[in-house]
Amino acid sequence: MNAMSLSFVAIFVCITGVITFLAAQKTKDSHSFYTGAKRITSFQNGMAIAGDALSAGAFLGLTSLVYNKGYDGFVYAIGYTTGMPLVLFLFAEKIRRLGKYTFTDVVHARLGGSAVRIFGGIATLVIVLFYLTAQLVGAGQLVGLLFGMKYCDGVILVALLMVAYVNFGGMQATTWVQIIKAAVMLFGGSVMTFLVLDAFDFNMSALLHAAVAQRSAGTALLAPVTLPHAAASSVSLGLTLMLGTAGLPHVLMKFFTVSDVRKARWSVFWATGLMNYFYVITGVLGFGAMALLSHDTRYLDEHGAVKGGGNMVALHLAHALGGDLLLGFMSAIAFATILAVVSGLTLSGAAAVSHDLYGAVRSERNDGPSEFLVSRIATVLIGLIAMCLAFMFRTQNVAYMISLAFSIACSSTFPILFLSIYWKRLSIAGAVWGGTAGLASAVAMTIMGPSIWVAVLGHKEPLIALDPPTLLSMTLAFLVSVVCSLSSTSRTTGKETIKIISQVP
């Protein structure tokens, strides 16, 4: 057990516990639970959105991918940087005009019908569970490395804290935890980057040459290696990384926590700048780890694998650069990262159950208190399901797993949200059947692909080679939506809603 790490983690848990307690005093109904009563400023909201993105996948997973694959790993970081500007240009201002809580609210305002709410709730839950599982995998490995706990015990510990934050504090607590986490993550990542560059006299060329000299592949690691040989998968990955952010329900929820459209616009501006800066950092850290850790037996086992799991490269680099002090600080940041992101994800999942699924079947005379109770029960259930999935996916890279969540978002929520805003002829049947086709095909092809069929289920060859399946599943979602809408007899125009969400000042 690392005493320094434990001390920093304990301090963070105490601080966030106080924040949750204070937020709980202001969280009395479903409106304040989902939106924080719209008291969040644009800079705070931008920090919180960046906090969502600067997850375990960004710090632990991306650093590990660059360490193992070089340029091919850094492609993930490059792709993620393009996602948030697309959210700004396509959706941010338009969906904020409706003043709703969730992705489903936006589509429902355009089309109506309980079927839309049911589809939206199910799609949101599936995306949230994939994303949440990735974070808990990183949590289990992190806690095991730092505190000597078993992987499963670490997952359970983080899940319990996550449920507590969301159930008692709602959006206010979740947002402030994300703001604090984003600030310390940016600071800690900057310190590590400075130390890596200092080790090579701030000469990036010297750093890259030292990194590739440690591997048999040599300078080939500085150029695409696997991507050119799998053109379809490369295009599919690009679509996933660029468009996935625009379909993530927990990111879209953040636009409803500010009071007006202008603040929503500035929120994305701040978030984009902070995220892009950090993603550049992960490239430096990944190549720095390649140069400094590749043959260091302190951090490798007898088989040459990274101790504690492949996702722990960034923390081993912290120890190599700054000893127990920097390791303890960065470990606490990683722990904070996981807690903040899983809290936001769980809140989004709880909203899907209580506001969308429960809202679709409940009587119109039921009010906020019953929905508020359902959201708290849903938080517990989502935590339990995510824990079980994390036990299954314990060997997966967290950044790669997040790309699977992005793929499902690209194939389900993104096409329907896009069409509901920009295509007046979209019908209820088109939205439901198109979204369902995209969601079902994305999940099915993900299960039959390398990430689950081979890595989890143990088969030798995948049934579907395309990885991720976005190229096929997203195309199918758009195609089915258009065909069903054009052939539907129950078409709805939604002229007033189209007018509201299409106007740009």
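What you are looking at is a predicted structure, and each value in this text was computed from that prediction instead of being measured.

Conventions used here
- Residues numbered from 1 in each chain as written.
- Predicted model: local features only at pLDDT ≥ 70, side-chain atom pairs only at ≥ 80, totals over all residues.
- Heavy atoms only, no water.
- Helix = DSSP H or I, 4+ residues; strand = E, 2+ residues; numbered from the N terminus.
- Buried < 20%, exposed > 50% of the residue type's maximum accessible area, 1.4 Å probe, protein only.
- Contact = heavy atoms within 4.5 Å.
- Areas by Shrake-Rupley, 256 points an atom, 1.4 Å probe, with all protein chains shown as cover.
- Phe/Tyr/Trp six-rings, centres within 6.5 Å; stacked < 30°, edge-to-face > 60°.
- Lys NZ or Arg CZ within 6 Å of the ring centre and 35° of its normal.
- 1 Å grid on protein atoms, 1.4 Å probe; cavity = no way out; pocket = protein on both sides within 12 Å on 5 of 7 lines; lining within 4 Å.
- Points joined across faces, edges and corners; volume = space filled by probe spheres on them.
- Nonpolar A, V, L, I, M, F, W, Y, C, P; charged D, E, K, R; others polar.
- Expected span 1.5 Å × (residues − 1).
- Salt bridge = Lys/Arg side-chain N within 4 Å of Asp/Glu carboxyl O.
- Patch = residues over 30% accessible without salt bridge, like charges linked within 9 Å, V, L, I, M, F, W, Y side chains within 5 Å.
- Polar contact = N/O pair within 3.5 Å; in protein donor to acceptor, adjacent residues only side chain to side chain.

Asker: Give me the overall build of the protein: which residues, what numbers.
Answerer: When its secondary structure is counted, the protein shows 20 helices and zero strands. A buried classification covers 57% of the 505 residues belonging to the protein. Put simply, of all contacts in the protein between residues at least 6 apart along the chain, 84% involve residues at least 24 apart. Summing over all exposed atoms, the protein offers an accessible surface of approximately 18500 Å²; the carbon and sulfur share of this is 68%.

Asker: Give a description of the packing of aromatic side chains that names residues and reports values.
Answerer: According to the stated counting rule, one finds 11 aromatic pairs in the structure shown. Centre to centre, the rings of F418 and F478 are 6.2 Å apart; their planes meet at 80°, and the pair counts as edge-to-face. Separated by 60 residues along the polypeptide, F418 in helix α16 (residues 413–422) and F478 in helix α19 (residues 470–487) bring together distant segments of the chain. In this structure F418 comes out as partly exposed when scored by relative accessible area, which is 26%. Cluster of aromatic residues (ring-pair linked, three or more members): F43, W266, F269 and W270. If you follow R215 out to its NZ or CZ, it ends over the ring of Y67, 4.7 Å from the centre.

Asker: Can you lay out the environment of L132 for me, pointing to particular residues and giving the numbers?
Answerer: Mapped onto the elements, L132 comes out in helix α7 (residues 114–147). By relative accessible area, L132 is classed as buried at 0%. Residues within four places of L132 in sequence aside, it is in contact with M162, V342, L345, T346, I382 and A386.

Asker: Lay out the layout of surface pockets in plain terms, naming residues and giving numbers.
Answerer: Of the volumes computed, that of the largest pocket is approximately 620 Å³. Along the walls of the largest pocket sit 24 residues, with L65, K69, Y76, Y400 and D467 positioned nearest its centre. For the lining of the largest pocket, the leading source of residues is helix α4 (residues 56–69), giving four residues. Counted by class, the lining of the largest pocket contains eight nonpolar, 12 polar and four charged residues.

Asker: Break down helix α15 (residues 398–411) for me, with residues and values.
Answerer: For α15, spanning 14 residues, the distance from its first C-alpha to its last is 20 Å, which sits close to the expected 20 Å at 1.5 Å a residue. Extensive coverage of α15 is indicated by the burial of 14 of its 14 residues.

Asker: How would you sum up the pattern of salt bridges? Please name residues and give values.
Answerer: Across all of its chains, the model carries one salt bridge by this definition. In this structure, the salt-bridge partner of D296 is R298, at a minimum N-O distance of 2.8 Å. Assessed through its relative accessible area of 17%, D296 is described here as buried.

Asker: Tell me what's going on with a nonpolar patch on the surface, and back it up with residues and numbers.
Answerer: Judged by side-chain polarity, L373, I377, V380, L381 and L384 come together as a nonpolar surface patch covering roughly 440 Å² of accessible area. In this structure, V380 sits in helix α14 (residues 368–392). Residue class for V380 comes out partly exposed when judged on its relative accessible area of 36%.

Asker: Requested: an account of the side chain of S441, with residues and values cited.
Answerer: Relative to the assigned elements, S441 resides in helix α17 (residues 428–448). Judged by relative accessible area, which is 13%, S441 ranks as buried. One polar contact links the side chain of S441 to the main-chain carbonyl oxygen of G438, over a distance of 3.1 Å.

Asker: Any details on helix α3 (residues 42–53)? Residues and values, ideally.
Answerer: Here α3 is 12 residues long and its end C-alpha atoms lie 16 Å apart, about the 16 Å a rise of 1.5 Å per residue gives. Burial of α3 is extensive: 10 of the 12 residues sit out of reach of the surface. For α3, the complete set of buried residues consists of S42, N45, G46, M47, A48, I49, A50, G51, D52 and A53.

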